[in-house]
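As a plain string of letters, each chain reads:
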Amino acid sequence: MSRLTRRTLVLAGLASLPLVRHAVAAPVPYILETQGTLIEFTFGLAGSAQTGTMPIQTADVLVDTKNLRNSMVDVVLNVAEARTKLPFARGPMLSRSVLDAARFPSIHFVSTAVSLGPGGRISDGATVTGDLTVRDVTRPITLDAALYRPPGSAKDDLNRLFIHLTGALNRNDFGATGYADLVDETVGLNIRTEIRRKP
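Residues numbered from 1 in each chain as written. Predicted model: local features only at pLDDT ≥ 70, side-chain atom pairs only at ≥ 80, totals over all residues. Heavy atoms only, no water.

What to know about the overall build of the chain
Move 1: Per the secondary structure count, the chain includes one helix and ten strands.
Move 2: If you list the helices and strands of the chain from N to C, you get β-β-β-β-β-α-β-β-β-β-β.
Move 3: The buried share of the chain, reckoned over its 199 residues, is 45%.
Move 4: Expressed as a percentage of contacts within the chain between residues at least 6 apart in sequence, the contacts between residues at least 24 apart total 67%.
Move 5: Of the accessible surface of the chain, which amounts to about 9500 Å², a share of 51% is contributed by carbon and sulfur atoms. (Helix = DSSP H or I, 4+ residues; strand = E, 2+ residues; numbered from the N terminus. Buried < 20%, exposed > 50% of the residue type's maximum accessible area, 1.4 Å probe, protein only. Contact = heavy atoms within 4.5 Å. Areas by Shrake-Rupley, 256 points an atom, 1.4 Å probe, with all protein chains shown as cover.)

A word on unusual backbone geometry
For residues besides glycine, phi is generally negative; the peptide bonds are generally trans as well.
Move 1: Of note in this structure, Ala46 is not a glycine but carries a positive phi near 55°.
Move 2: We classify Ala46 as exposed; its relative accessible area is 59%.
Move 3: At Asp136, a residue that is not glycine, the phi angle is positive and equals roughly 65°.
Move 4: Of note, Asp136 is situated in the loop between strand 7 (126-134) and strand 8 (137-148).

A word on the side chain of Thr133
Move 1: Counting through the fold element by element, Thr133 comes out in strand 7.
Move 2: Side chain to side chain, Thr133 and Thr138 meet in a polar contact 2.6 Å long. (Polar contact = N/O pair within 3.5 Å; in protein donor to acceptor, adjacent residues only side chain to side chain.)

A word on the layout of surface pockets
Move 1: Approximately 350 Å³ is the volume attributed to the largest pocket.
Move 2: What lines the largest pocket is a set of 20 residues, and nearest its centre among them are Phe43, Ala89, Met93, Val98 and Val183.
Move 3: Those elements giving two or more residues to the lining of the largest pocket turn out to be strand 1 (28-45) and helix 1 (87-94).
Move 4: It is helix 1 that contributes the most residues to the lining of the largest pocket, four residues altogether.
Move 5: Its residues assigned to classes, the lining of the largest pocket shows 17 nonpolar, two polar and one charged. (1 Å grid on protein atoms, 1.4 Å probe; cavity = no way out; pocket = protein on both sides within 12 Å on 5 of 7 lines; lining within 4 Å. Points joined across faces, edges and corners; volume = space filled by probe spheres on them. Nonpolar A, V, L, I, M, F, W, Y, C, P; charged D, E, K, R; others polar.)

A closer look at helix 1
Move 1: Buried within helix 1 we find Ala89, Met93 and Leu94. Taken end-on, helix 1 shows its buried residues confined to a sector of 125°, consistent with a single buried face. More than 90 degrees from the buried face of helix 1, the exposed residues found are Pro87 and Phe88.
Move 2: At its buried positions, helix 1 is contacted by strand 1 and strand 5 (83-84). (Arc of directions from axis to C-beta.)

Brief notes about the nonpolar core
Move 1: Formed by 44 residues in total, the largest nonpolar core has its most connected members in Tyr30, Met54, Leu99, Leu132 and Ile195.
Move 2: The element that contributes the greatest number of residues to this core is strand 1, accounting for seven residues. (Core = buried A, V, L, I, M, F, W, Y, C linked by side-chain atoms within 4.5 Å.)

A short note on the side chain of Asp64
Move 1: Mapped onto the elements, Asp64 comes out in the loop between strand 3 (56-63) and strand 4 (72-78).
Move 2: Here Asp64 occupies a buried position and makes no salt bridge, while the nearest side chain of opposite charge, Lys66, is found at 7.4 Å. (Lys, Arg positive; Asp, Glu negative; His and termini not counted. Salt bridge = Lys/Arg side-chain N within 4 Å of Asp/Glu carboxyl O.)

Overview of the environment of Asp74
Move 1: Mapping Asp74 onto the fold places it in strand 4.
Move 2: Judged by its relative accessible area of 14%, Asp74 falls in the buried class.
Move 3: Spatially, the C-alpha atoms of Asp74 and Ser111 are 6.9 Å apart, while their sequence positions differ by 37 residues.
Move 4: Among the polar contacts made by the side chain of Asp74, one reaches the side chain of His108 at a distance of 2.5 Å.

Structural notes on the pairing of strand 8
Move 1: One ladder, built from nine bridges, connects strand 7 with strand 8; its direction is antiparallel. If you follow Thr133 over to strand 8, its bridge partner there is Thr138.
Move 2: With five bridges connecting them, strand 8 and strand 9 (residues 160-170) associate as antiparallel partners. When the bridges of strand 9 are listed, Ala146 appears paired with His164. (Pairing = 2+ DSSP bridges.)

Details of the pairing of strand 10 (residues 186-197)
Move 1: In this structure, strand 1 lies alongside strand 10, joined through nine bridges in antiparallel fashion. Bridged to Leu38 within strand 10 is Arg192.
Move 2: Summarising the sheet, strand 9 and strand 10 pair through eleven bridges and their orientation is antiparallel. Directly across from His164, in strand 10, lies its bridge partner Arg192.

This is how it looks when you write it as structure tokens:
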């Protein structure tokens, strides 16, 4: 995995959130709510599907609801605190041949582009592209994105938003090639975050 970045999480997906052109004239800073955030990864181990989590170390989020393409996210993940549901799998995952947590203690993602759906809305199928850095190797990655208001909130209430990003990467592209006989090369990403407008 890698560091998560500056133009991605924010634009992720206003699926049910109409663009409010009078409310925000420029990108506005948002604070990541740790309790409402889940960074989950999936992988195959000896033919069995497994899941793990990795906490966020830092996050900078800017959201522009008038022009979502101007939204930005910069996220850093704490590799050393990664966990899997199988305790015995954690050591190999953090080992030198996979994430090499001792030398590369963080993963970094920086957004570089946001593409809205055919109708100009995130609800029509948006994507967020960014640079992901794992083991000091940086590769582009594109994630499917969605951004929502809390259920029942007013259309012009943008104080709290939920972001959902999904995608996948090939761990071999980042040099995390260890245990190839046991662990699949494809790693799935499922990122759910809650952000709150900065006072």
